[in-house]
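Here are the chains, one letter per residue:
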Amino acid sequence: MAVAARPNMSVMEKLHSSAAWHQIKAEFQTTGDASLVHRELSRVVDNMAMLSFSSTLGAAFPKGVAMLAVGGFGRKELFPYSDIDIMILVENEVLTGSIKESLSEFVRQLWDADLRLSNSVRTVEECLMVHEQNIELNISLLDRRFLAGDESVFRTLDNRFAFFLTKHGPKLGRALCEMTRARYEKYQDTMFHLEPDVKETPGGLRDLHFIHWLGILHPEQRNEAALQGPTAFISSLRCFLHYRGGRDRNVLDFESQDRAAEQSYSTEKTPELWIRQYFHNARAIFREARRTLDAAEKCGSSLLTNFRDWRTRLSNSEFSVVRERVLLRNPAQLKGEPETILRLLDFIGRHGIPAAAETERRLENVSSEFRDMCAKMPNLWKTLKGILAKPHAVMALRTLQNTGLLEAMLPEWKTIVSLVVRDFYHRYTVDEHTLVTIELLNELRDTKDSARGRFAGLLAEIGDPAILLFSLLYHDVGKGALSGDHSHISLEWAQDALKRMGAPADEAQMCEFLIEHHLALSDVMTGRDLGDPATARALADRIGTIERLKFLTVLTYADISAVNPSAMTPWRLEQLWRVYRVAQQELTRELETGRIEDIPEHLATHGDFVRGFPVRYLRTHSNSEIAAHLKLYEASRPTGVAAQIDRSDGFFRLTVIARDMPALFASFAGALSSFGVDILKAEAFSNAKGLVLDTFVFADPKRNLELNPSEIDRLTDLIKKVAVGKADVQRLLSSRPQTAKRRGGEPAVQFDSDACETATLVEIATDDRPGLLFNLATVFSSTACNIDVVLIDTQGHKAIDVFYVAQNGAKLTPEAQEMLRERLLAAC
């Protein structure tokens, strides 16, 4: 059958250059009204689709073929760069093959007109089947709308679809719930991401769609009217992101947050207040989506049903357990007796059963009564401590957070609700980060991972975990002041809270210590040489007791782990344990200092190798590690060099023994960078005979070495060539990009001559990039500086490199420091 002529482009104009498009955009930028965009864009696209259909498929097939708008297009919820979901509905399978030529012309016209078309062809019978592998097809038909063609075909589908939902609605509902749970898991079950995706992140548009679809499947549960304000806000925000990006862009990055606050229709004009407005609206959506999810999920397992029946026996005179949720037996009791809330929290913390949606709604309505009670309650500390001591304390805290009652109990908490502190390392808002720290401690108790098991052992040894949890609740509240040292502010506010709640002096002192020093161990991990006795002594002086050390170590584990899901790398985990061991040893015995002169008896036959190393070499390396070094030393005798790469849990370790020569350490760093690895830490020892023992710990982010074992041999050979001066590192690095887009502030260089007895500590903070360590080390070697130890830590896109440096066997003079500062900044 012949294809009808293509419509004239003056009639079928391009969407993004049309007068209608620009008018819609201009009106939105003035009003921020997304409903106008939805309505007018849908009208324009409807006309374009119908015009194209009438000249192609409609002209060629006046019977048996209909055009439907489905999905967002079917709801008339088009965003500026949304996909246009169109279904060509055919009466029977025969027509599916017949329409191909006309369909191709139809699709081409719409693509040429700038429409992001997502099209499909289905028979009526296909639409009335459950598509297990493509359940999105069934869900898209919940929002179907007739556009053009044979309306009788659409009516056939429409009339039969009600029966289809009656029969298969429960299966679609379960699929929707599973998809939503999977999406939540992708985002760590939280909406409090610093740069959220306003469509997919919990609290975004996909949650609104979920609520809408469940409302169609279960009309008795519909409650979309309560979300009109949040829906308008999130929809307006997505329109803004689309117009700003010129594409289907939904990530609310920091720069977009700044620009959104500047819009004429924004009611909050500063980014800090505007992002809190975003989270306020997203929270309302997420809360309703979770409650819809809880209400919709069914349990078909008889085993689980029996378990639920058993759990129901936990009900008492105040609380009922129904379908794995806690309900109030007498909701009216809350107004006159808000102490009921504390007993409810104790019940939830003890049994690990969350509050029902109806219970949470009741709690929200008595926030003022609860606040007044907590402010006047003289023994609140004892009650709160009892809740925090329960095995599921974090679930009780989540109940308070979800209902807005956490800030009623702890007024200081209000300052960090939905607070964004911008960096490229943290993923969550401050309040969410805090609750995640407590959740991770709870998970730590049941860990099967041996490396984490050591910290689980410390947690089990802590006498009063409730003190640890309270300290975590307050460790970052000082960030709500938006200026000043947040640790000191957190301490001051925690002192006020502890006094207000009647905490005993000894328990208050432990909380205050943990809050004031909560960054102490992480600072040492990333910026100090753990083998330097001065570091150990400073740690011991600061911490004071083994008990405090255990508390602080576990708190640091939780704090780092909660920064983002990948923050606690195997390397950081090992470093934190090393910090604990260093401090523990210093708190129990005095450590030696200086260089090795008297050779230990078990190393007497290898005195020529270890003599002249720092004493910390023996203290920071196990007997097995020293034995491996000695073996490598023997292997180096014939040629003067030996190198070995070992793979550990999540990282690699390069060990090199070679004769010292200028810029050798920098050359090793450059060779590693030429392979695209990320250097995590480096050490450089030299003995009395001029041999160096250099160690580099590095990650392989692109898995090049893991997937290509032969590359390990190639890298080892390259290191050996570098050691004898037979490889040009500058040439190797020239083929790799060494510049990076500036993401943070200006680079900074700091010197500390008091941190070590024999060298000057040089700390460099700058944007990370390939070859950075090589460039920095080259500066030192070119100025006759001897590098003793290097510690590297990368936080997001920020590199914090610490060098222990001496010049002519002594600490750096002030003049040398100024000269180095200029050269290091230039290298950055």
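Going by the structure above, here's the rest.
This section reports on the structure supplied with the text. In this text, all values refer to a predicted model and were calculated from it rather than measured experimentally.

**Structural notes on the overall build of the chain**
Each helix and strand counted, the chain has 39 helices and 14 strands in total. Expressed along its principal axes, the backbone C-alpha trace of the chain runs to roughly 100 × 70 × 55 Å. Looking at the chain as a whole, 55% of its 828 residues are labelled buried. Sequence separation of 24 or more characterises 71% of the internal contacts of the chain that already satisfy a separation of 6 or more. A total of about 35800 Å² of accessible surface is found on the chain, and carbon and sulfur atoms cover 49% of it. Charge centroids of the chain, computed over 100 positive and 112 negative side chains, lie 3 Å from each other.

**Side note on the pairing of strand E10 (residues 691-699)**
As a general feature of sheets, a regular strand has side chains that alternate between the two faces. The buried fraction of E10 amounts to 9 of the 9 residues, a majority that puts the element mostly inside the structure. Of the two faces of E10, the one carrying Leu-691, Leu-693, Thr-695, Val-697 and Ala-699 and the one carrying Val-692, Asp-694, Phe-696 and Phe-698 are both buried. Note that strand E8 (residues 652-659) and E10 share 8 bridges and pair antiparallel. Looking at the pairing, Thr-655 lines up with Thr-695 of E10.

**Considering the nonpolar core**
Ranked by size, the top nonpolar core spans 98 residues in total, and within it Ile-86, Ile-88, Phe-106 and Tyr-278 carry the most contacts. Residue contacts for Phe-106: discarding those within four places in its chain leaves Ala-49, Ser-52, Phe-53, Thr-56, Leu-57, Met-67, Ile-86 and Ile-88. One finds Leu-419, Ile-438, Leu-530 and Tyr-557 within the second-largest nonpolar core, a separate group that totals 94 residues.

**Quick notes on the sheet that holds strand E3 (residues 117-123)**
One open sheet holds the 4 strands; their spatial order is E3-E2-E1-E4, and the pairing between them is mixed. The open sheet is flanked by E3 and strand E4 (145-149), the only strands paired with a single partner. Averaged over neighbouring strand pairs, the angle between their axes works out to 25 degrees when direction is ignored. Alignment of strand E1 (residues 65-69) against strand E2 (residues 84-90), held across 5 bridges, turns out to be antiparallel. Bridge pairing in E2 links Ala-66 to Leu-89. Helix H2 (residues 34-55) contacts E1, E2 and E4 of the sheet and is inclined by roughly 35 degrees relative to E4.

**So, the packing of helix H38 (residues 772-782) against helix H39 (residues 814-827)**
Relative to each other, H38 and H39 sit at 150 degrees, their axes nearing to 9 Å. Judged by the angle between their axes, H38 and H39 are roughly antiparallel. Relative to H39, the crossing made by H38 is right-handed. On H39, the residues touching Asn-775, Leu-776, Val-779, Phe-780 and Ser-782 of H38 are Leu-820, Arg-823, Leu-824 and Ala-827. The residue makeup of the contact of H38 with H39, split by class, is 6 nonpolar, 2 polar and 1 charged.

**Regarding the environment of Ser-636**
The topology assignment puts Ser-636 in helix H33 (residues 623-636). Judged by its relative accessible area of 3%, Ser-636 falls in the buried class. In this structure, the C-alpha to C-alpha distance between Ser-636 and Ile-657, residues 21 residues apart in sequence, is 6.8 Å. Apart from residues no more than four positions distant in its own chain, Ser-636 is found in contact with Val-641, Ala-642 and Ile-657.

Rules behind the numbers
- Residues numbered from 1 in each chain as written.
- Predicted model: local features only at pLDDT ≥ 70, side-chain atom pairs only at ≥ 80, totals over all residues.
- Heavy atoms only, no water.
- Helix = DSSP H or I, 4+ residues; strand = E, 2+ residues; numbered from the N terminus.
- Buried < 20%, exposed > 50% of the residue type's maximum accessible area, 1.4 Å probe, protein only.
- Contact = heavy atoms within 4.5 Å.
- Areas by Shrake-Rupley, 256 points an atom, 1.4 Å probe, with all protein chains shown as cover.
- Lys, Arg positive; Asp, Glu negative; His and termini not counted.
- Charge placed at Lys NZ, Arg CZ, Asp CG, Glu CD.
- Pairing = 2+ DSSP bridges.
- Core = buried A, V, L, I, M, F, W, Y, C linked by side-chain atoms within 4.5 Å.
- Axes fitted to C-alpha atoms, helices over the stretch in contact; angles between N-to-C directions.
- Parallel < 35°, antiparallel > 145°, perpendicular 65-115°, else oblique.
- Left-handed = near helix turned anticlockwise from the far one by under 90°.
- Nonpolar A, V, L, I, M, F, W, Y, C, P; charged D, E, K, R; others polar.

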